[in-house]
Amino acid sequence: MPATDAVGAIRSSARSFEENLPPAQRKRLGQFFTGLPLGALLTHLALDPDARTVIDPMAGHGDLLDAAALTARARGARLNRLDGIELDPATAAFCGRRTVALQAEGTVTAARIVAGSAFDPAIIAGLDTPGYDLVITNPPYVRYQSQNGNGAGVVDVRRGLSAIVGARVTGGERALWQTLVDGYSGLADLSVPAWLLSALLTRPGGRLALVVPATWRSRDYADVVRYLLLRAFLLEY
């Protein structure tokens, strides 16, 4: 099958793949994916013309990564590196097939999908890059309690994020980041540590783009995100 046909076939099957995931798993992991049309809109807003490295740390089955590659190609550019992390092995495998097809098509130079938790310091260290031109994601809006009934998930995510800060941030900024990681509410959903992780993966001068509901702005536990955006980013949209 020609590479272009392979990409098209995978795109056509993405919706049915999502719908066939076990309902209990979808709810527990927040597996409600972005869709290519919305992904294309977001990447057209967020992808800088000079961007060559992109990551989605909660990649799902690859809508946002695919959209980034499509947007770059529409602008006559080619992404050098397209990375993703996905917790669910079956979904990561689908995403991997999708990005391999994009690579075979010539849309991207190198693509890599890792199956595992984005909050695992070893996985982040394995990315072997100080930062990405674009970090784009649709984080899971699920409560920690749905991940682990005894609350151990809170500790694992926070500890992992703290270790990632220790490995990636130096100088006076490290204390600030550690305060943010230590201080966010244990009642927050997983989107809050996902914001922090995504910001950590963005290179200085790079862009951060997330799919978020407007409701997060009215929640007290989102104060840490508001502070982060004001402190470290220049809001465009």
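Residue positions within a chain follow its written sequence, with the count starting from 1. For this predicted model, a pLDDT threshold of at least 70 governs which residues receive local features, and a threshold of 80 or more governs which side-chain atom pairs are given and counted, while totals over whole chains, interfaces and linings are taken from all residues. Computation of side-chain values covers all heavy atoms of the structure but excludes hydrogens and water.

Colleague: What is the right way to read the packing of aromatic side chains from this model?
Modeller: The geometry of an aromatic ring pair is captured by the separation of the ring centres together with the interplanar angle, meaning the angle of the planes. The criterion for an aromatic pair is that two Phe, Tyr or Trp rings (for Trp, the six-membered ring) have centres within 6.5 Å, with stacked assigned to planes under 30 degrees apart, edge-to-face to planes over 60 apart and tilted to the rest. This model, assessed by the stated rule, comprises zero aromatic pairs. Over the ring of Y184 we find R158; its NZ or CZ atom is 4.1 Å from the centre of that ring. Consider the ring centre and the ring normal. A charge sits over the ring if Lys NZ or Arg CZ is within 6 Å of that centre and within 35 degrees of that normal.

Colleague: I tried to follow a nonpolar patch on the surface on my own but got confused; where do I start?
Modeller: Patch building starts from residues that exceed 30% relative accessible area and form no salt bridge, then joins like charges within 9 Å and nonpolar side chains (Val, Leu, Ile, Met, Phe, Trp, Tyr) within 5 Å. Using a 1.4 Å probe, the Shrake-Rupley method yields the accessible areas, and only the shown protein chains count as cover for residues. Any Lys or Arg side-chain nitrogen located within 4 Å of an Asp or Glu carboxyl oxygen qualifies as a salt bridge. A contiguous nonpolar patch, built from L38, L41, L45 and Y237 and spanning about 450 Å² of accessible area, is present on the exposed surface. Here L38 is to be found in helix α3 (residues 36-46). A run of H or I in DSSP counts as a helix once it spans at least four residues, and a run of E counts as a strand once it spans at least two, with each numbered from the N terminus.

Colleague: Any chance you could explain the pattern of salt bridges here in plain terms?
Modeller: It is possible for side chains bearing opposite charge to pair when their charged atoms get close. All told, the structure shown has 10 salt bridges when counted by the stated rule. Measuring nitrogen to oxygen at the nearest pair gives 3.9 Å for the salt bridge that ties R207 to D48. Of this pair, R207 sits in strand β5 (residues 202-210) while D48 sits in the loop between α3 and β1 (53-56), and the two are 159 residues apart along the sequence. Categorising residues by exposure relies on relative accessible area from a 1.4 Å probe, with only protein chains included: less than 20% of the type maximum marks a residue as buried, more than 50% marks it as exposed, and the intermediate range marks it as partly exposed. Among the residues examined, R207 registers a relative accessible area of 23% and is labelled partly exposed. With a closest N to O distance of 2.5 Å, R203 and D133 form a salt bridge. On the criterion of sequence distance, the pair formed by R203 in strand β5 and D133 in strand β4 (residues 132-137) is long-range, its members being 70 residues apart. Taking the relative accessible area as the measure of exposure, D133 reaches 14% and is therefore buried. Each of the salt bridges in this network shares a partner with another, and the network as a whole consists of D48, R207 and E236.

Colleague: In this structure, what is going on with the environment of N138? I would like to understand it.
Modeller: When you line up the elements, N138 lands in the loop between β4 and α7 (144-147). Spatially, the C-alpha atom of N138 lies 9.8 Å from that of D63, the residues being 75 residues apart in sequence.

Colleague: Just to check I follow, could you spell out the packing of helix α10 (residues 191-201) against helix α11 (residues 223-232) for this structure?
Modeller: Any two packed helices are characterised by the angle at which their axes cross and by the distance between the axes. It is the contact of α10 with α11, at a shortest axis distance of 9 Å, that shows an interaxial angle of 20 degrees. With respect to α11, the element α10 is oriented roughly parallel. For the element pair α10 and α11, the recorded crossing hand is left-handed. Between α10 and α11, the contacting residues are V192, W195, L196 and A199 on the first element and V224, V225, L228 and L229 on the second. All residues other than Ala, Val, Leu, Ile, Met, Phe, Trp, Tyr, Cys, Pro, Asp, Glu, Lys and Arg, Gly among them, are scored as polar; the first ten of these are nonpolar and the last four charged. For the contact of α10 with α11, a count of residues per class yields eight nonpolar, no polar and no charged. In this analysis an axis means a line fitted to C-alpha atoms, helices contributing only their contacting stretch, and an angle means the value between N-to-C directions, from 0 to 180 degrees. By the definition adopted for this analysis, an angle is roughly parallel if under 35 degrees, roughly antiparallel if over 145, roughly perpendicular if from 65 to 115, and oblique otherwise. Two helices crossing with the near one rotated counterclockwise from the far one by less than a right angle form a left-handed crossing, whereas a clockwise rotation gives a right-handed crossing. By definition in these notes, contact holds between two residues if any of their heavy atoms fall within 4.5 Å.

Colleague: Hey, could you run me through unusual backbone geometry in this one?
Modeller: Its identity is not glycine, yet D128 carries a phi of approximately 55 degrees, on the positive side. Turning to its location among the elements, D128 is positioned in the loop between α6 (121-126) and β4.

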